[in-house]
Amino acid sequence: MSQKAGMQVDWAGIEATVQLYFDGLYHSDVDRLKKAFHPCAQVIGHFQGPFAVMSLDDFLGIVGGTPPPSESGEAYDMKIVMVDQVAEEAFVKVEDLYMGLRFTDYLTLMKVDGTWRIINKAYRHE
């Protein structure tokens, strides 16, 4: 975790948003994901090779249409690796197991109306 000198990281607020993200993925819970993401967020990355850019609605449609990993017996293996915060902006690196694939996600968060929201997700899988 890093921060600008003299600034306290809002660990509880950032962690709460990232936990909504993790739980939303693990349970295919679109409502939790909607709470984690800003409505204008984009999801960008390489999925099984091709470069893909998705709106939040497209991403939610994919997750909502996927059988929940929690019901298939997949291990809950998701963690925050690094947080870098400056004022009301944060960059969070996470690693997660989702549908049998190991992902590294870079989440850009901003504090909007007092609540942290993911405004951008960049990802890749091994």
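Cut-off values and rules
- Residues numbered from 1 in each chain as written.
- Predicted model: local features only at pLDDT ≥ 70, side-chain atom pairs only at ≥ 80, totals over all residues.
- Heavy atoms only, no water.
- Helix = DSSP H or I, 4+ residues; strand = E, 2+ residues; numbered from the N terminus.
- Rg over C-alpha atoms; globule rule 2.2 N^0.38 Å.
- Phe/Tyr/Trp six-rings, centres within 6.5 Å; stacked < 30°, edge-to-face > 60°.
- Lys NZ or Arg CZ within 6 Å of the ring centre and 35° of its normal.
- Pairing = 2+ DSSP bridges.

Colleague: Could you clarify how one ought to interpret the overall build of the chain in this entry?
Modeller: A tally of regular secondary structure across the chain gives four helices and seven strands. Listed N to C, the secondary structure of the chain is β-α-α-β-β-α-α-β-β-β-β in terms of helices and strands. Against the 2.2 N^0.38 benchmark of 14 Å for 126 residues, the chain shows a C-alpha radius of gyration of 14 Å, consistent with a compact globule. C-alpha atoms of the chain, sized along the principal axes, occupy 45 × 25 × 25 Å.

Colleague: Help me out: how do you make sense of the packing of aromatic side chains in this one?
Modeller: Given two aromatic rings, their pairing is described by the distance between the two centres and the angle made by the two planes. Tallied over the full model, the rule gives six aromatic pairs. Site record: aromatic cluster; members linked through ring pairs are Y21, F22, F37 and F59. In this structure, K121 packs its charged tip against the face of Y123, placed 5.4 Å from the ring centre.

Colleague: I would appreciate a short explanation of the pairing of strand β6 (residues 101-112) in the present structure.
Modeller: Each regular strand carries side chains that alternate between the two faces of the sheet. The pairing of strand β5 (residues 89-98) with β6 spans ten bridges and is antiparallel. Pairing of A90 across the sheet is with L109, part of β6. Counted along the chain from β5 to the antiparallel partner β6, the turn is two residues long, and its residue M99 has a positive phi close to 55°. Where β6 lies against strand β7 (residues 115-125), ten bridges are found, and the strand directions are antiparallel. Within β7, the position partnered with L109 by the bridge is I118. The turn linking β6 back onto β7 is made up of two residues, and D113 within it adopts a positive phi angle of 50°.

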